[in-house]
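Residue-level listing of the chains:
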Amino acid sequence: MALLLVATSAASIRAHEIRPAIVDLTFPGDGTVRLDMSLILEAALSEIGVEHADTDDSPNAQRYDELRLLDEAGLAAEFDRFEVRFLEGVRLVAGQESIPLAVVEAGFEPVGDTDFARLSRITLVGPLPPGATEVSYSFDPAFGPSVVRVPDTEGAYSYSVYLDDGSPSAPIPVEGGLTLSAGQVFIDYIGIGFTHIVPKGLDHILFVVGLFLLSPRLKPLLIQITAFTVAHSVTLALAMLGVISLPASIVEPMIALSIVYIAIENLATNRLSPWRPFVVFGFGLLHGLGFAGVLTEFGLTPTHFVSGLIGFNVGVEAGQLAVVAACYALFGAWFSDKSWYRARITMPMSLAIGCLALWWVVERTGLAA
């Protein structure tokens, strides 16, 4: 079972999560409007849309893999050929009038480590219609989701919203001042947190499944889940405040190692150790640093920092509980009291999870290159 899971997952190991394009919208005061975009351009060029959790889910995955091997000049040439289509998918509207946009700058990173998606930076500029007081932004969902942010004069963001269905943003005033209510931010970030676990967070899902496998009894499981949640909430908040920071090249392999540890412990023992909640708490600190990368991209405003952070954590917790509920419905409710549960469920599934996570460690540390 372990070998089968690793073999069938080999192609998806190198897949990349569909991350939103981050778009800063500004009005320079010279009669124009400016969009500074940071995005995984290869996913947009391949038209891997919002319906996919990662690039390997798309029928265009092979196209994506080919694009990410291109150097800067090759990727620039591909973008030149795609530019007209791309501009059709980025829309700014003032009243009933569409604003024509043009690419004024494009920057592409070297190929680097293809296990990590590279970001491209594209700047679009268009003429602001005379008398326009507000604009609305939308992004073709065929290119993936996007986050539109409005930076203020101090570098913070007075407005930030996640868009994933092609619908336009709320009208954004040219003179600034647009804000969301704390309640709306809270609700929006619950959804963002949930989808970051289900379906996008396979490593986090496997960690929770690993916790479930050793002992599906509700009380010890909830203690572990609570310890995990409290821990990742702490480091997520500290990372968002800039108190702590670790690069993804360190955090991601360590997250994979945490899954390996849980799998090995499941194989080595048939009972919960008294220190396991503390171990889970420590691993939760790591996973919180992984979550921080998502929220940092979104640019939470200082006004909505607390509501957004709480909403995201609530969404993550809901996603984790959904995973637990699925495990219980699929095999916990039916087989956990059977004498063969450990031999036929816990052992083989833990072995499969451990093998997959160990491969992630190799991939994420570059040892497979």
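Being a predicted model, the structure only gives us computed values, none of them experimental. (Residues numbered from 1 in each chain as written. Predicted model: local features only at pLDDT ≥ 70, side-chain atom pairs only at ≥ 80, totals over all residues. Heavy atoms only, no water.)

Engineer: What should I look at first to understand the pattern of salt bridges in this one?
Structural biologist: Two side chains bearing opposite charge may form a pair once their charged atoms approach each other closely. A complete count under the given rule lists twelve salt bridges for this structure. A salt bridge links Arg81 to Glu78, with the nearest nitrogen and oxygen atoms 2.7 Å apart. Here Glu78 and Arg81 lie together in helix H4 (residues 72–89), a separation of three residues that amounts to about one turn. Residue Glu78 is classed as buried on the basis of its relative accessible area, which comes to 17%. A salt bridge links Glu109 to Arg121; its shortest N-O distance comes to 3.4 Å. Taken as a pair, Glu109 in the loop between strand S5 (102–108) and strand S6 (120–127) and Arg121 in strand S6 lie far apart in primary sequence, twelve residues in all. A single network of salt bridges, built from pairs that share partners, joins Glu47, Arg85 and Asp140. (Salt bridge = Lys/Arg side-chain N within 4 Å of Asp/Glu carboxyl O. Helix = DSSP H or I, 4+ residues; strand = E, 2+ residues; numbered from the N terminus. Buried < 20%, exposed > 50% of the residue type's maximum accessible area, 1.4 Å probe, protein only.)

Engineer: Teacher, can you tell me more about the nonpolar core here?
Structural biologist: Looking at soluble globular proteins, one finds that nonpolar side chains tend to be buried together. Core analysis: the largest hydrophobic core is formed by 52 residues, its most contacted members being Phe207, Leu236 and Phe312. Of all the secondary structure elements, the ones that give two or more residues to this core are helix H5 (182–197), helix H6 (202–214), helix H7 (218–240), helix H8 (248–268), helix H9 (276–298), helix H10 (305–335) and helix H11 (341–364). Setting aside residues no more than four positions away along its own chain, Leu236 makes contact with Gly288, Phe291, Ala292, Leu295, Leu309, Phe312 and Asn313. Residues Leu39, Leu124, Phe139 and Ile172 belong to the second largest nonpolar core, which totals 36 residues. (Core = buried A, V, L, I, M, F, W, Y, C linked by side-chain atoms within 4.5 Å. Contact = heavy atoms within 4.5 Å.)

Engineer: Quick question: what am I supposed to make of the pairing of S6 here?
Structural biologist: A regular strand places its side chains so that they alternate between the two faces of the sheet. As judged from the eight bridges shared by strand S2 (residues 32–39) and S6, these two strands associate in the antiparallel manner. Looking across to S6, one finds that Thr32 is bridged to Pro127. (Pairing = 2+ DSSP bridges.)

Engineer: I keep staring at a nonpolar patch on the surface and nothing clicks. Help me out?
Structural biologist: Side chains of Val230, Val234, Leu238, Leu241, Val243 and Phe281 sit close together on the surface and give an oily, nonpolar patch of about 490 Å² of accessible area. The element contributing the most residues to the nonpolar patch is H7, with three residues. Here Phe281 lies in helix H9. Judged by its relative accessible area of 32%, Phe281 is partly exposed. (Patch = residues over 30% accessible without salt bridge, like charges linked within 9 Å, V, L, I, M, F, W, Y side chains within 5 Å. Areas by Shrake-Rupley, 256 points an atom, 1.4 Å probe, with all protein chains shown as cover.)

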